[in-house]
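# Observations on the three-dimensional arrangement
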Amino acid sequence: MTLQQLFSLLVVDDEAALRRTLRASLVTSGFAVEEAGNGAEAIAAIQRQSFDLVLLDVNMPGMNGVEVCRQIRAVAPRTGIVMVTVRDAEEDKIRALDAGADDYVTKPFRFRELIARVRAVLRRLHADASGEQGILQNGDLKMDFGHRLVWKGSDEIRLSPKEFDLLSYLWKNQGAPLTHTKLLRAVWGPEYGNELEYLRTYVRMLRKKIEDDPAKPQYILTDPWVGYRFRNPSEDEGDDSSDAE
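This section reports on the structure supplied with the text. Since we're looking at a predicted model, the values are computed, not measured.

Let us now look at the overall build of the chain. Each helix and strand in the chain was counted, giving eight helices and 12 strands. Sorting the 245 residues of the chain into buried and exposed places 48% on the buried side. Within the chain, counting contacts between residues at least 6 apart in sequence, those at least 24 apart form 56% of the total. Roughly 12,100 Å² of accessible area belongs to the chain as shown, and the carbon and sulfur atoms make up 48% of that amount.

Next up on the list: empty space enclosed by the protein. This structure, assessed with the given rule, holds one cavity of 30 Å³ or more. Lining the largest cavity are Val11, Val12, Asp13, Leu18, Leu22, Leu55, Asp57, Val84 and Lys107. Of all the elements in the fold, those that place two or more residues in the lining of the largest cavity are strand S1 (8-12), helix H1 (16-28) and strand S3 (53-57). Of the residues assigned to the lining of the largest cavity, the class counts are six nonpolar, no polar and three charged.

Looking now at the packing of helix H6 (residues 161-172) against helix H8 (residues 196-210). When two helices pack together, their arrangement is given by the angle between the helix axes and the distance between those axes. One can describe the packing of H6 onto H8 by two numbers: an axis separation of 10 Å at closest approach and a directional angle of 85°. Judged on the interaxial angle alone, H8 and H6 are roughly perpendicular. Along the contact surface, H6 presents Lys162, Glu163, Leu166 and Leu167, while H8 presents Leu199, Tyr202, Val203, Met205, Leu206, Lys209 and Ile210. Counted by class, the contact of H6 with H8 contains eight nonpolar, no polar and three charged residues.

A word on the packing of H6 against helix H7 (residues 180-187). H7 packs onto H6 with a crossing angle of 130° between their chain directions and a minimal axis gap of 10 Å. The angle between H6 and H7 falls in the class oblique. Crossing handedness for the pair H6 and H7: right-handed. On H7, the residues touching Lys162, Asp165, Leu166, Tyr169 and Leu170 of H6 are Lys182, Leu183, Ala186 and Val187. Residues belonging to the contact of H6 with H7 are distributed by class as follows: six nonpolar, no polar and three charged.

Right, let's get into the nonpolar core. Formed by 25 residues in total, the largest nonpolar core has its most connected members in Leu10, Val12, Leu56, Ile72 and Met83. Within the residue set of this core, elements represented by two or more residues are S1, helix H2 (39-48), S3, helix H3 (65-75), strand S4 (80-86) and helix H4 (90-98). One finds Val150, Leu167, Leu184 and Phe230 within the second-largest nonpolar core, a separate group that totals 24 residues.

Let us look at the packing of aromatic side chains. Scanning all chains against the criterion turns up five aromatic pairs. Both rings, one in Trp188 and one in Tyr202, keep their centres 5.2 Å apart while their planes meet at 75°; by these two values the pair is edge-to-face. With Trp188 in the loop between H7 and H8 and Tyr202 in helix H8, the pair connects residues that are 14 residues apart, well separated along the chain. On the basis of relative accessibility, which here comes to 22%, the residue Tyr202 falls in the partly exposed class. Counting every residue linked through ring pairs, the aromatic cluster contains Phe145, Trp171, Tyr219 and Phe230.

Basis of the calculations
Residues numbered from 1 in each chain as written. Predicted model: local features only at pLDDT ≥ 70, side-chain atom pairs only at ≥ 80, totals over all residues. Heavy atoms only, no water. Helix = DSSP H or I, 4+ residues; strand = E, 2+ residues; numbered from the N terminus. Buried < 20%, exposed > 50% of the residue type's maximum accessible area, 1.4 Å probe, protein only. Contact = heavy atoms within 4.5 Å. Areas by Shrake-Rupley, 256 points an atom, 1.4 Å probe, with all protein chains shown as cover. 1 Å grid on protein atoms, 1.4 Å probe; cavity = no way out; pocket = protein on both sides within 12 Å on 5 of 7 lines; lining within 4 Å. Points joined across faces, edges and corners; volume = space filled by probe spheres on them. Nonpolar A, V, L, I, M, F, W, Y, C, P; charged D, E, K, R; others polar. Axes fitted to C-alpha atoms, helices over the stretch in contact; angles between N-to-C directions. Parallel < 35°, antiparallel > 145°, perpendicular 65-115°, else oblique. Left-handed = near helix turned anticlockwise from the far one by under 90°. Core = buried A, V, L, I, M, F, W, Y, C linked by side-chain atoms within 4.5 Å. Phe/Tyr/Trp six-rings, centres within 6.5 Å; stacked < 30°, edge-to-face > 60°.

Structure follows, in structure tokens:
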């Protein structure tokens, strides 16, 4: 049984033709799919039954996608949410992530990219539920969270406490776009939400230690204007990598 056969999706978009296209493609890929044409229908569907993930358009008439996301997150905190935004609407992306979205894709998007993002969110939710512990590996990196140790291949990497905390938070949210503010507050504390240069400096230092080529990172990717995303380079999901910042 493939991963997606285990999960049910709710597609929320005011464009009926797009909903039908997405539903047909997702069902063909093995998902169980329901539709909602607006925010009110989406909230009602969530209240009737549980879904593993909601694919939610940001720009809808009436209740917009960001408000729908907040309401879904309030009543279904363990449901994955992937937002769909217009191209280059960086403010939409940040507002969606702050509202509780797990990830986003931009229109127009490739179906392969959409499936990759959906799979990544579902994997993270599944990993969280299983409570994986111990030494974890991504590509040629290994991380022992309990003993605060990191290796690249067979070589131990010396990290400062803050570098370890930042890498650990990125790693534990693998595949998720993390805003600058969220990373700063999670790693440095709530009073550091605007200290962007702190974050950029530590990301540069981490890349020098864990990347083969810090100018072309394979692990810590930049989501332009939004934040950073940790990637397992051994998994080819068709996801476009970003240049270093």
